[in-house]
Amino acid sequence: MSTEGRFAGKTIIVTGAGSGIGRATAVRLAEEGARLVVSDVVAGRLDELKAALPGADVRTVAGDVSNPRTVEGIADACGGELHGLANIAGIMDGFLPVGELDDETWERVMGVNVTAPMRLTRAALPFLIEAGGGSIVNVASEAALRGSSAGAAYTASKHAVIGLTKNTAFMYGPQGVRVNAVAPGAVATNIEAGIRSEFAAGRIFPLMKAIGSPVADPQRLAAAITWLLSDDSLNVNGAILPSDGGWSAA
Ligand code: NAD
């Protein structure tokens, strides 16, 4: 079935749009007619994305999404009109277990992965309600479903994303705002996934190898995220959708 024009006349925010899953989602949304407000901490990546989408209505907001001023800039760029929000920007934690975890890593990971989506959701809600409803999609992770695929900070942050998703879905569903999360398995992107703990490597990697978790391209995630953003998923609210090639079934 063609999904062409699925987002015609809709304004959608995409964070982390400069690379990987965020970029693939922004490109697909533009191809399906969306007006985009895209954000990333790396300004050059946004310029490159805009150049790659000639003819599309793309507004760029460069900045650290964990900074409240960036959230204000994103909200302002919507011009009072919003139908969807994809909270995709996120960072990893070096796979540090709690015994080796420094406060700076904890605070940075929670700030980008949890506080920023909360603030953006808070900023987006009045617009979505005003529009008669809308869809928010958060990007969780395999680390939101289990304790064996990342460090303590990343795992806690992605579990928190699930809580934010479910609570917001429950609270605002009656006003037409749907909130769902996609939980990707391994995806080939530019995310910094270096391991900073030998102890964690010894715990995690043999298990991952045994499960044989597949690596997806970002377009597979964009397909799931845009489905949840679209009216094709109108009856879905508060769901956590693994898009992991079956990893979570292991
Ligand atoms: P990526 O690094 O390729 O893209 C993420 C983008 O977000 C980058 O352009 C980066 O500049 C931007 N970003 C990072 N920190 C930011 C900040 N503070 N403010 C604004 N922008 C910021 O990574 P990706 O793999 O596409 O990651 C996207 C999301 O998917 C993240 O939430 C990540 O946790 C999640 N995820 C990724 C994988 C994977 O295997 N790649 C697996 C599960 C979940």
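As shown above, the structure is provided for reference.
Note that the structure is a prediction, hence the values are computed from the model and not measured. (Residues numbered from 1 in each chain as written. Predicted model: local features only at pLDDT ≥ 70, side-chain atom pairs only at ≥ 80, totals over all residues. Heavy atoms only, no water.)

> Please provide a residue-by-residue account of the overall build of the protein, values included.
In terms of regular secondary structure, the protein is built from seven helices and nine strands. For 250 residues, the compact-globule estimate of 2.2 N^0.38 gives 18 Å, and the C-alpha radius of gyration of the protein, at 17 Å, lies within 12% of that figure. With respect to the principal axes defined by its C-alpha atoms, the protein has extents near 50 × 35 × 35 Å. Counting the 250 residues in the protein, one finds 52% classified as buried. With the model as given, the accessible surface of the protein reaches about 11,100 Å², and the carbon-plus-sulfur share is 53%. In the protein, the 20 positive side-chain charges and the 25 negative ones have mean positions that sit 3 Å from each other. (Helix = DSSP H or I, 4+ residues; strand = E, 2+ residues; numbered from the N terminus. Rg over C-alpha atoms; globule rule 2.2 N^0.38 Å. Buried < 20%, exposed > 50% of the residue type's maximum accessible area, 1.4 Å probe, protein only. Areas by Shrake-Rupley, 256 points an atom, 1.4 Å probe, with all protein chains shown as cover. Lys, Arg positive; Asp, Glu negative; His and termini not counted. Charge placed at Lys NZ, Arg CZ, Asp CG, Glu CD.)

> Before we move on, can you summarise the site of the ligand with the specific residues and values?
Near the ligand, the surroundings consist of 30 residues, among which Ser19, Asp40, Arg45, Tyr154 and Thr189 are the closest. Between the ligand and Asp64 there is a distance of 2.9 Å, counted from a nitrogen atom to a side-chain nitrogen or oxygen. One of the side-chain N or O atoms of Thr189 is found 2.6 Å from an oxygen atom in the ligand. Elements that contribute at least two residues to the shell around the ligand include exactly helix H1 (20–31), helix H4 (103–130), helix H5 (152–172) and strand S7 (186–187). Residues of the shell around the ligand, tallied by class, amount to 15 nonpolar, ten polar and five charged. (Near = heavy atom within 4 Å. Polar contact = N/O pair within 3.5 Å; in protein donor to acceptor, adjacent residues only side chain to side chain. Nonpolar A, V, L, I, M, F, W, Y, C, P; charged D, E, K, R; others polar.)

> I'd love a proper account of the pattern of salt bridges, names of residues and values included.
Between side chains of opposite charge, a pair can form as their charged atoms come close. Counted under the stated rule, the structure contains nine salt bridges. Taking the shortest distance from any N to any O, the salt bridge between Arg6 and Asp232 comes out at 3.0 Å. Taken together, the residues span a long stretch of sequence, with Arg6 in the segment before strand S1 (11–15) and Asp232 in the loop between helix H7 (218–229) and strand S9 (240–243) at a distance of 226 residues. Looking at Arg6, the relative accessible area reads 19%, which means it is buried. (Salt bridge = Lys/Arg side-chain N within 4 Å of Asp/Glu carboxyl O.)

> Please provide a residue-by-residue account of the nonpolar core, values included.
In summary, soluble globular proteins display a tendency toward joint burial of nonpolar side chains. By size, the foremost hydrophobic cluster in this structure holds 28 residues, and its most contacted members are Ile12, Val14, Leu29, Leu36, Val38, Ile225 and Leu229. Listed by contribution, the elements that provide at least two residues to this core are S1, H1, strand S2 (35–40), helix H2 (43–52), strand S5 (134–139) and H7. When residues no more than four places from it in sequence are discounted, the contact partners of Leu229 are Phe7, Ile12, Leu29, Gly84, Leu85, Ala86, Ser135, Val137 and Arg178. Of all hydrophobic cores here, the second largest spans 20 residues; its members include Val65, Val71, Val112 and Leu125. (Core = buried A, V, L, I, M, F, W, Y, C linked by side-chain atoms within 4.5 Å. Contact = heavy atoms within 4.5 Å.)

> Report on the pairing of S2, specifying residues and quantitative values.
With respect to burial, S2 is a largely interior element, six of its six residues being buried. Of the two faces of S2, both are covered, the one formed by Arg35, Val37 and Ser39 as well as the one formed by Leu36, Val38 and Asp40. Handedness of the crossover joining S1 and S2 through H1 is recorded here as right-handed. In the sheet, S2 pairs with strand S3 (residues 58–62) via five bridges, with the strands oriented parallel. When the sheet's bridge partners are listed, Ser39 is paired in S3 with Val61. Handedness of the crossover joining S2 and S3 through H2: right-handed. (Right-handed = clockwise from strand over helix to strand, strands pointing away. Pairing = 2+ DSSP bridges.)

> Summarise the sheet that holds S9; cite the residues concerned and give the values.
The strand order S3-S2-S1-S4-S5-S6-S9 describes an open sheet built from seven strands, whose pairing is parallel. Here the strands that pair on one side only, and so sit at the sheet edges, are S3 and S9. Between one strand axis and the next, the sheet turns by 15° as a mean value, whatever way the strands run. Bridge count for S1 against S2 is five bridges, and the pairing is parallel. What sits directly across from Thr15, in S2, is Ser39. Contacts from H1 reach S1, S2 and strand S6 (177–184), with the element oriented near 165° to S1. (Axes fitted to C-alpha atoms, helices over the stretch in contact; angles between N-to-C directions.)

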